[in-house]
Amino acid sequence: MAIASSTRQTGRRAPSRRPRRRYKPIELGQKPWILRASLATFSLVVIWAGWALIERRLAPTGNTSRDHFDAILVLGTPADADGNPTPKQQARVTEAVREYERGVAPRILFTGGAAHNQFVEADVMAGTAAARGIPPSAIFVETKAMDTIQNACNSARIMQAHGWHSAEIVTGGYQLPRAGMIFANSPLDWRLHAAPPLQPGASVSGTDSAIEILKTMRYLIYASWAERCES
């Protein structure tokens, strides 16, 4: 009775005991399925990237030993947001003009559509070449290509329609290996020619290199058989 009266007098209740939570121990060697899937995906990407690097090293640089061609073929790259030629475009046009003046080919074919903005890559590069003194009769454009595969396919059709069968292909050095893989399936006689950067000693950015590796992976895994040239 003394205990009960004491409780009533203080107005306090005896603390209740909460049940302890039991946590299931994590056993070593047991990984959640999401972790396993992530590891599997990462491993697959590493394998694909290694495959791409090997193929880029083994990519052909041409299928002919000739020094003169029916055309100089310049692969497209985007203009800037205002439609002005970017340094990459200027570098390719500069090298194509130099090769034309050396007598490598009597004409230049620029290839590239409005792949990244509203400006047609071939038209921008052709205008730049004309401003540098290349006569209109020596400038040709292919304006529909949305990627390098279409550059190769569409240009080959134009050249064959004109009775041209050989081309020196001018593009950025970082793109050469993938271009070689693609043009290996071309009916043309061809060789690759790198356009050096406008600033001597300039190196390829890490972003450009990473994008090219990804594009090479896509080509090997999917585009090489799903996006072939239509006859």
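See the structure printed just above.
Below you will find a few notes about this structure. (Residues numbered from 1 in each chain as written. Predicted model: local features only at pLDDT ≥ 70, side-chain atom pairs only at ≥ 80, totals over all residues. Heavy atoms only, no water.)

1. Let's talk about the environment of glutamate 230
Here is step 1: Inspection of the secondary structure assignment puts glutamate 230 in the segment after α7 (206–226).
Here is step 2: Among the residues examined, glutamate 230 registers a relative accessible area of 65% and is labelled exposed.
Here is step 3: Residues glutamate 230 and cysteine 153 lie 77 residues apart in sequence; the distance between their C-alpha atoms is 7.9 Å. (Helix = DSSP H or I, 4+ residues; strand = E, 2+ residues; numbered from the N terminus. Buried < 20%, exposed > 50% of the residue type's maximum accessible area, 1.4 Å probe, protein only.)

2. Some words on the packing of aromatic side chains
Here is step 1: Taken as a whole, this structure holds 3 aromatic pairs when the rule is applied.
Here is step 2: On the numbers, 5.0 Å between centres and 80 degrees between planes, the contact of phenylalanine 140 with tryptophan 164 is edge-to-face. Placement of phenylalanine 140 in strand β3 (residues 139–142) and of tryptophan 164 in the loop between α5 (148–162) and β4 (166–172) is noted, with a sequence separation of 24 residues between them.
Here is step 3: Phenylalanine 140 sits in the partly exposed class, given a relative accessible area of 23%.
Here is step 4: By relative accessible area, which is 8% here, tryptophan 164 ends up buried.
Here is step 5: Considering the side-chain rings of phenylalanine 183 and tryptophan 190, the 6.1 Å spacing of their centres and the 50 degrees angle between planes classify their relative orientation as tilted.
Here is step 6: Residue class for phenylalanine 183 comes out buried when judged on its relative accessible area of 0%. (Phe/Tyr/Trp six-rings, centres within 6.5 Å; stacked < 30°, edge-to-face > 60°.)

3. Examining the nonpolar core
Here is step 1: In terms of nonpolar packing, the biggest core is built from 27 residues, with Leu73, Met159, Ile169, Phe183 and Tyr219 touching the most fellow members.
Here is step 2: Where this core is concerned, the elements lending two or more residues are β1 (71–75), α5, β4, α6 (176–183), β5 (189–195) and α7.
Here is step 3: Excluding anything up to four places from it in sequence, methionine 159 contacts Ala71, Leu109, Trp164, Ser166, Ala167 and Leu188.
Here is step 4: In terms of nonpolar packing, the next biggest core, distinct from the first, is built from 19 residues, Phe69, Ile72, Val170 and Ala195 among them. (Core = buried A, V, L, I, M, F, W, Y, C linked by side-chain atoms within 4.5 Å. Contact = heavy atoms within 4.5 Å.)

4. So, the packing of helix α2 (residues 33–58) against α7
Here is step 1: Where α2 meets α7, the closest approach of the two axes is 9 Å, and the angle between their N-to-C directions is 95 degrees. Comparing their axes, α7 and α2 come out roughly perpendicular. Across the interface between the two elements, Val45, Trp48, Ala49, Trp51, Ala52, Leu53, Glu55 and Arg56 from α2 touch Glu212, Ile213, Thr216, Met217, Leu220 and Ile221 from α7.
Here is step 2: Residues that form the contact of α2 with α7 fall into these classes: 10 nonpolar, 1 polar and 3 charged. (Axes fitted to C-alpha atoms, helices over the stretch in contact; angles between N-to-C directions. Parallel < 35°, antiparallel > 145°, perpendicular 65-115°, else oblique. Nonpolar A, V, L, I, M, F, W, Y, C, P; charged D, E, K, R; others polar.)

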